[in-house]
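Below are the chains, spelled out letter by letter.
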Amino acid sequence: MTIKVGIIDYGMGNLRSVSNAVREISAEPGLVSDPEKLSDFDRLILPGVGAFPDAVTQLRKTGMDQALEEQVKSGKLILGLCLGMQLMCRGSEEGGYSKGLCWFDADVARFPEKLNLKVPHVGWNNLLPTKHHPLFRDLPDEPDVYFTHSFRVECNHQEDVLAWCDYGEPFAAIIGRNNIFGMQFHPEKSQRAGLTLLHNFIGEDICLKSA
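**Brief notes about the packing of aromatic side chains**
Thinking step 1. In the structure shown here, the tally under the stated rule is 6 aromatic pairs.
Thinking step 2. Look at Phe-111 and Phe-171: their rings are 5.5 Å apart centre to centre, the planes differ by 90°, and that puts the pair in the edge-to-face class. Here Phe-171 lies in strand S13 (residues 169–177) and Phe-111 lies in the loop between strand S7 (106–110) and strand S8 (121–126), a separation of 60 residues in the sequence.
Thinking step 3. Taken together, a centroid distance of 5.6 Å and an interplanar angle of 80° make the contact between Phe-147 and Phe-171 edge-to-face. Of this pair, Phe-147 sits in strand S10 (residues 144–149) while Phe-171 is found in strand S13, placing the two residues 24 residues apart along the sequence. Each member of the pair, Phe-147 together with Phe-171, is buried.
Thinking step 4. What links up through ring pairs into an aromatic cluster is the set Phe-111, Phe-147, Tyr-167, Phe-171 and Phe-185.
Thinking step 5. Above the plane of the ring of Phe-41 lies Lys-4, whose end atom (NZ or CZ) is 5.6 Å from the centre.
Thinking step 6. The side chain of Arg-110 reaches across the aromatic face of Phe-151, ending 5.8 Å from its centre.

Here's what the structure looks like:
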């Protein structure tokens, strides 16, 4: 049975690239902008490119925030990509403070000026997994993935961090709790490693709750 993957279309995502990546791993992508259609899909991906305040406003305007909350409670597997991962947090300081979806006890902050880093963080960096997890099946120990972001997620519970990336200092690159996961990078642009991560999330033979 082909797994149906709903890609949330709220006007803020790199939808074509994500759809192509899902199709590449033999799953069936579908764009979904109607909150009532979320239950039609086996997995959900919340992508995101742009500003946190605009994105969360759009989710609330369309009622997608409440519909996604119901899907979280139902146990459906949901993956946030880049800005999508940040939206899963309590809030972000981008453009002043904006409240997020509050699925993770975490906040989104800009890279500290004290680190003297080039921001946004753009390019290829290694993932540093914190534990054995089904997401990392068939990957090398420290796979390279592609980042482009100015803000990072700061988790209050370190057990929610499945992988770090070191950019000046470690920051959360993959987070996960029960049926919800986030990747700060773009797996759809991360070649073989990214496709493997998506395959492991989507694959019907995997149980991510086992971590």
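**Brief notes about the nonpolar core**
Thinking step 1. Ranked by internal contacts, the top residues of the largest apolar core, which has 35 residues, are Leu-127, Ile-174 and Leu-197.
Thinking step 2. Among the secondary structure elements, those contributing two or more residues to this core are strand S1 (4–8), helix H1 (15–24), strand S4 (77–81), S10, strand S12 (161–167), S13, strand S14 (180–183) and helix H5 (191–202).
Thinking step 3. Here Leu-127 is in contact with Asp-141, Glu-142, Pro-143, Val-145, Phe-147, Ala-163, Trp-164, Ala-173, Ile-174, Phe-185 and Leu-197, once residues within four sequence places are set aside.
Thinking step 4. One finds Leu-44, Ile-78, Leu-101 and Phe-104 within the second-largest nonpolar core, a separate group that totals 34 residues.

**Some words on the sheet that holds strand S11 (residues 151–155)**
Thinking step 1. Spatial ordering of the open sheet is given by S6-S5-S7-S11, a layout of 4 strands whose pairing is mixed. Both outer strands of the open sheet, strand S6 (98–99) and S11, are each paired with one neighbouring strand and no more.
Thinking step 2. Inspection of the sheet shows strand S5 (residues 91–92) paired to S7 by 2 bridges, in the parallel sense. Bridge pairing links Ser-92 to Val-108 in S7.

**Regarding the sheet that holds S4**
Thinking step 1. Reading across the sheet, the 8 strands line up as S2-S1-S3-S4-S14-S13-S12-S9 and stay open at both edges, with mixed pairing between neighbours. The open sheet has two free edges, formed respectively by strand S2 (28–32) and strand S9 (128–129), since each of these has just one partner strand.
Thinking step 2. Across 5 bridges, the pairing between S1 and S2 is parallel. Of the residues in S2, the one forming a bridge with Ile-8 is Val-32.

**Observations concerning the environment of Gly-95**
Thinking step 1. Relative to the elements of secondary structure, Gly-95 occurs in the loop between S5 and S6.
Thinking step 2. Judged by relative accessible area, Gly-95 falls into the exposed class, the value being 79%.
Thinking step 3. Spatially, the C-alpha atoms of Gly-95 and Phe-52 are 8.1 Å apart, while their sequence positions differ by 43 residues.

**Structural notes on the pairing of S13**
Thinking step 1. Sheet topology note: the S12/S13 ladder contains 6 bridges and is antiparallel. Bridge pairing in S13 places Val-161 opposite Ile-175.
Thinking step 2. Between S12 and S13, which pair antiparallel in sequence order, lie 1 residue; one of them, Gly-168, sits at a positive phi of approximately 80°.
Thinking step 3. Pairing of S13 with S14, which is carried by 4 bridges, proceeds in the antiparallel orientation. When the sheet's bridge partners are listed, Ile-174 is paired in S14 with Met-183.

Reading guide: rules and limits
- Residues numbered from 1 in each chain as written.
- Predicted model: local features only at pLDDT ≥ 70, side-chain atom pairs only at ≥ 80, totals over all residues.
- Heavy atoms only, no water.
- Phe/Tyr/Trp six-rings, centres within 6.5 Å; stacked < 30°, edge-to-face > 60°.
- Helix = DSSP H or I, 4+ residues; strand = E, 2+ residues; numbered from the N terminus.
- Buried < 20%, exposed > 50% of the residue type's maximum accessible area, 1.4 Å probe, protein only.
- Lys NZ or Arg CZ within 6 Å of the ring centre and 35° of its normal.
- Core = buried A, V, L, I, M, F, W, Y, C linked by side-chain atoms within 4.5 Å.
- Contact = heavy atoms within 4.5 Å.
- Pairing = 2+ DSSP bridges.

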